[in-house]
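# A closer look at the structure
The primary structure of each chain is shown beneath.
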Amino acid sequence: MPRHPKKPRRLVADGREYLWTLRHSHRAADGGRSAACRQTLTLHPQPAGTGGPLRLVFDEGPGRYVPGGFPLGSGDVGYVHGGSLNLHEPGAVRALLDAASARGWQPGERRAVEVDGWPLLEAAVAARAGEGGPPDA
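Quick summary incoming for the structure in this document.

Conventions adopted
Residues numbered from 1 in each chain as written. Predicted model: local features only at pLDDT ≥ 70, side-chain atom pairs only at ≥ 80, totals over all residues. Heavy atoms only, no water. Core = buried A, V, L, I, M, F, W, Y, C linked by side-chain atoms within 4.5 Å. Buried < 20%, exposed > 50% of the residue type's maximum accessible area, 1.4 Å probe, protein only. Helix = DSSP H or I, 4+ residues; strand = E, 2+ residues; numbered from the N terminus. Contact = heavy atoms within 4.5 Å. Pairing = 2+ DSSP bridges. Polar contact = N/O pair within 3.5 Å; in protein donor to acceptor, adjacent residues only side chain to side chain. Axes fitted to C-alpha atoms, helices over the stretch in contact; angles between N-to-C directions. Parallel < 35°, antiparallel > 145°, perpendicular 65-115°, else oblique. Left-handed = near helix turned anticlockwise from the far one by under 90°. Nonpolar A, V, L, I, M, F, W, Y, C, P; charged D, E, K, R; others polar.

## Examining the nonpolar core
In terms of nonpolar packing, the biggest core is built from 30 residues, with Leu43 and Leu96 touching the most fellow members. Those elements that provide at least two residues to this core are strand 1 (9-13), strand 2 (16-28), strand 3 (34-46), strand 4 (54-59), helix 1 (90-102) and helix 2 (118-128). With seven residues, the single largest contributor to this core is helix 1. Once residues within four sequence positions are removed from consideration, Leu43 is found in contact with Leu11, Tyr18, Leu19, Trp20, Pro53, Leu54, Leu56, Val93 and Leu97.

Have a look at this one:
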């Protein structure tokens with residue numbers, strides 16, 4: 001039986017546990033039509049109350065893609081002429097968590113932190129390809 005897509009998933013990194021979710025959303029354009037796709041990856045340090053959530057936001061824009069499914073997979077984000085990740089893959093989530101930590105995010109921060117995920121993407125792709133950075137979890 002497949003897992004429920006909205007149920008948080010568990011990730012353990014550097015001795016700390018996180019629950020993570022991925023959401024696809026749109027902003028309404030003129031006339032109420034959906035526009036501006038967005039993927040939001042949220043990691044919640046565990047146990048609850050030990051740190052605020054980290055939200056990595058991937059907004060579509062020039063040279064970037066954030067599809068909502070067919071023909072590309074749900075959870076895919078990337079550059080049209082560059083790296084990409086599937087945010088449903090635990091190794092991709094771990095690589096992004098490591099990239100955010102390398103840029104100063106601290107899991108013990110008590111407040112929610114929202115970060116543009118695009119500047120982290122290339123470092124995460126390189127880590128996944130074995131070009132540097134911590135190994136996948």
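Moving on, there is more to tell.
## As for unusual backbone geometry
Residue Gln46 is joined to Pro47 through a cis peptide bond whose omega torsion reads -5°. Phi is positive for Asp14, which is not a glycine, with a value near 55°. Tracing the chain through its elements places Asp14 in the loop between strand 1 and strand 2. Asp14 sits in the exposed class, given a relative accessible area of 69%.

## Comments concerning the pairing of strand 6 (residues 76-79)
Bridge count between strand 5 (residues 64-65) and strand 6: two bridges; the pairing is antiparallel. Paired with Tyr65 across the strands is Gly78, a residue of strand 6. Bridge count for strand 6 against strand 7 (residues 84-86) is three bridges, and the pairing is antiparallel. Across the sheet, the residue bridging to Gly78 is Ser84, located in strand 7.

## Things to note about the environment of Glu122
Tracing the sequence through the fold places Glu122 in helix 2. By relative accessible area, Glu122 is classed as partly exposed at 39%. Spatially, the C-alpha atoms of Glu122 and Gly78 are 9.1 Å apart, while their sequence positions differ by 44 residues. In this structure Glu122 touches Tyr79, Gly82 and Gly83, once residues within four positions along its chain are discounted. Of note is the side chain of Glu122, whose polar atom sits 3.5 Å from the backbone nitrogen of Gly83.

## What about the sheet that holds strand 7?
Read from one edge to the other, the open sheet built from three strands follows the order 5-6-7, with strand pairing classed as antiparallel. Each edge of the open sheet is held by one strand with a lone partner, namely strand 5 and strand 7. Contacts between helix 2 and the sheet are confined to strand 5, strand 6 and strand 7, with strand 6 contributing the most and set at about 100° to the helix.

## Some thoughts on the packing of helix 1 against helix 2
Packed helices, taken two at a time, are described by the angle their axes make and the gap between the axes. One can describe the packing of helix 1 onto helix 2 by two numbers: an axis separation of 8 Å at closest approach and a directional angle of 125°. The angle between the axes of helix 1 and helix 2 places the two elements in the oblique class. Relative to helix 2, helix 1 is oriented so that their crossing is right-handed. In this structure, helix 1 contributes Gly91, Ala92, Ala95, Leu96, Ala99 and Ala100 to the contact, and helix 2 contributes Leu120, Leu121, Ala123, Ala124, Ala127 and Arg128. Classifying every residue of the contact of helix 1 with helix 2 gives 10 nonpolar, one polar and one charged.

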